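Descriptive structure summary
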Amino acid sequence: MLKLTSPPLAVLLHRFFLEWLGEQRSASPKTVYAYRDAWRLFLRFTAMRRSKQVAKLQLEDLTEDGVLTFLQHIERDRHASVTTRNCRLAALRSFFSFVAEHEPTAAQQCHEILRIPFKRAARRSMVYLEEAEVVAIIAQTDRSTLEGQRDHLLLSLLYNTGARIQEALNLRPEDFHLASPTHVRLLGKGRKERIAPLWPETAHLVAAFVKRQSYGSDEHLFRNRYGAGLTASGFRFRLRNYVKAAAAKQPSLSRKKVTPHTFRHTIAVHLVAAGVDVTIIRSWLGHAHLDTTNLYAEANIETQRKALEKADPRLRNSKRPRWKRDADLLAWLDSL
């Protein structure tokens, strides 16, 4: 009787990363690197459990039990967060989804792994800045130096556009339209392109910076002292120093963890407070789902409620909710 076997694991991984992720899915380099790191960890962990060399592993060695044990190892031994655990699982599930589609003989094995659920992670409270805090941070840049001018422009762009840090660092002069109406073209997640409006002040900063540096239209706008593209980690380090210095004038900053992404949250909350429709904010920020944008509206409403309660204690509801005061209603809830 003919026995069907799957291709070697190395062949499947090669096809998954190069053909499927790279060519068919057009995954971003960041996604490919994240998946690569997850698989590097998983293969080493599995090889150790199986007492094999990584090169000797076969598809049959990658089981549901092995994946579950690996995920426990990620959380318990490596002390990773639930979010990181879920990201590792997403990388594994993506591969087994690919295998199930292309190798029917491994369908059962893939199905067992694909049914491993993601864990629900506690939603962190959103951190955003007040206008005075934004001004205090940007004011720390030394505009008499080239690096200070660069950082001043980058912070202004992050706040104006709500761009993710890598979206901003990838910008080139050709991405800006500095004639009215001024705007910038951003390339976001999933290679989705969007247009973000620019305030006149921001457009002026961009024009002056490009003119001073004599950039080519296709060169990265933000570069380090060596002429290479500025990295996200490099800018985060500089931002931490700016925030620390700004906290002397705005003590509230010392209680906040400020990252480049905080500016994205900040402009979204400020737009909601200004009465801008959430569908417009969704387009501005490039959200795939409106539910994500609605989180900013919730954050703003909660902030306003707390401010009102602090301003006037009489607004606080001293009575327990009706469902806690009504015995019949409590009994009905208990019966559910």
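Use the structure listed above.
Here's what I pulled together on the structure shown here. For clarity, every value in this text was computed on a predicted model and none was experimentally measured.

Thresholds applied
Residues numbered from 1 in each chain as written. Predicted model: local features only at pLDDT ≥ 70, side-chain atom pairs only at ≥ 80, totals over all residues. Heavy atoms only, no water. Helix = DSSP H or I, 4+ residues; strand = E, 2+ residues; numbered from the N terminus. Buried < 20%, exposed > 50% of the residue type's maximum accessible area, 1.4 Å probe, protein only. Contact = heavy atoms within 4.5 Å. Areas by Shrake-Rupley, 256 points an atom, 1.4 Å probe, with all protein chains shown as cover. Phe/Tyr/Trp six-rings, centres within 6.5 Å; stacked < 30°, edge-to-face > 60°. Axes fitted to C-alpha atoms, helices over the stretch in contact; angles between N-to-C directions. Parallel < 35°, antiparallel > 145°, perpendicular 65-115°, else oblique. Nonpolar A, V, L, I, M, F, W, Y, C, P; charged D, E, K, R; others polar. Pairing = 2+ DSSP bridges. Salt bridge = Lys/Arg side-chain N within 4 Å of Asp/Glu carboxyl O. Left-handed = near helix turned anticlockwise from the far one by under 90°. Core = buried A, V, L, I, M, F, W, Y, C linked by side-chain atoms within 4.5 Å.

Let us now look at the overall build of the chain. Scanning the chain from terminus to terminus reveals 15 helices and three strands. For the chain, the residues scored as buried account for 38% of the 336 residues in total. Here the contacts in the chain between residues at least 6 apart in sequence split such that 63% fall between residues at least 24 apart. With an accessible surface of roughly 20500 Å², the chain has 53% of that area assigned to carbon and sulfur atoms.

A few words on the packing of aromatic side chains. Note on aromatic pairs: each is described by the distance of the centres and the angle between the planes. Following the criterion strictly, the structure yields 13 aromatic pairs and no others. Relative to Phe95, the ring of Trp39 has its centre 4.7 Å away and its plane inclined at 70°; by these criteria the two rings are edge-to-face. Separated by 56 residues along the polypeptide, Trp39 in helix H2 (residues 29-50) and Phe95 in helix H4 (residues 82-102) bring together distant segments of the chain. What makes Phe95 buried here is its relative accessible area of 0%.

It is worth spelling out the packing of helix H1 (residues 9-24) against H4 at this point. Where H1 contacts H4, the axes come no closer than 11 Å and their chain directions differ by 105°. When the axes of H1 and H4 are compared, the pair comes out roughly perpendicular. Where H1 abuts H4, its residues Leu9, Leu12, Leu13, Arg15, Phe16 and Trp20 lie against Ala91, Ser94, Phe95, Phe98, Val99 and His102. Of the residues belonging to the contact of H1 with H4, the class tally is nine nonpolar, two polar and one charged.

Next up on the list: the sheet that holds strand S2 (residues 183-187). With antiparallel pairing, the three strands of this open sheet are ordered in space as S1-S2-S3. Each having just a single partner strand, strand S1 (176-177) and strand S3 (193-197) make up the two edges of the open sheet. In terms of strand pairing, S1 meets S2 through two bridges, oriented antiparallel. When the bridges of S2 are listed, His177 appears paired with His183.

Moving on to the pairing of S2. Side-chain direction in a regular strand flips from residue to residue, so the side chains alternate between the two faces of the sheet. With burial as the criterion, only one face of S2 is covered, namely that bearing Val184 and Leu186; the residues His183, Arg185 and Leu187 on the opposite face remain uncovered. Between the antiparallel neighbours S1 and S2 lie five residues.

Attention shifts here to the pattern of salt bridges. As enumerated under the stated definition, the model contains 19 salt bridges in all. The salt bridge partner of Asp77 is Arg76, with a shortest N-O separation of 3.5 Å. For the salt bridge of Glu147 with Arg225, the shortest nitrogen-to-oxygen distance reads 3.5 Å. Of the two residues, Glu147 is situated in helix H7 (residues 146-161) and Arg225 in the loop between helix H9 (200-213) and helix H10 (232-246); the sequence distance between them amounts to 78 residues. Residues joined in a network through salt bridges with shared partners are Glu147, Arg150, Asp151, Arg225 and Arg238.

With that out of the way, let us pick up the packing of H1 against H2. Following both chains from N to C, one finds H1 and H2 inclined at 165°, their axes separated by 11 Å at the closest point. It follows from the interaxial angle that H1 and H2 lie roughly antiparallel. Of the two elements, H1 crosses H2, and the hand of that crossing is right-handed. Contacts from Leu9, Leu13, Phe16, Phe17 and Leu21 of H1 reach H2 at Val32, Tyr35, Arg36, Trp39 and Leu43. Per-class residue counts for the contact of H1 with H2 are nine nonpolar, no polar and one charged.

Let us look at the nonpolar core. In this structure, Ile137, Leu154 and Phe263 are the most contacted members of the largest nonpolar core, which totals 46 residues. For this core, the secondary structure elements donating two or more residues are helix H6 (131-138), H7, helix H8 (165-169), S2, H9, H10, helix H11 (260-273) and helix H12 (278-285). Contact partners of Leu154, with chain neighbours within four places excluded, come to Ile165, Ala168, Leu169, Phe222, Leu230 and Phe235. By size, the runner-up hydrophobic cluster in this structure holds 34 residues, among which are Ala38, Phe42, Ala91 and Phe98.

Attention now moves to unusual backbone geometry. Note on backbone geometry: most residues besides glycine have negative phi, and most peptide bonds are trans. A cis amide bond links Ser180 to the next residue, Pro181, at an omega of -5°. Along the chain, Pro181 turns up in the loop between S1 and S2. Positive phi values are uncommon outside glycine, yet Ser51 reaches one of about 55°. Here Ser51 shows up in the loop between H2 and helix H3 (64-76). On the basis of relative accessible area, Ser51 is assigned to the exposed category, the value being 69%. The backbone of His79 sits at a positive phi, close to 55°, despite the residue not being glycine. When you line up the elements, His79 lands in the loop between H3 and H4. Among the residues examined, His79 registers a relative accessible area of 66% and is labelled exposed.

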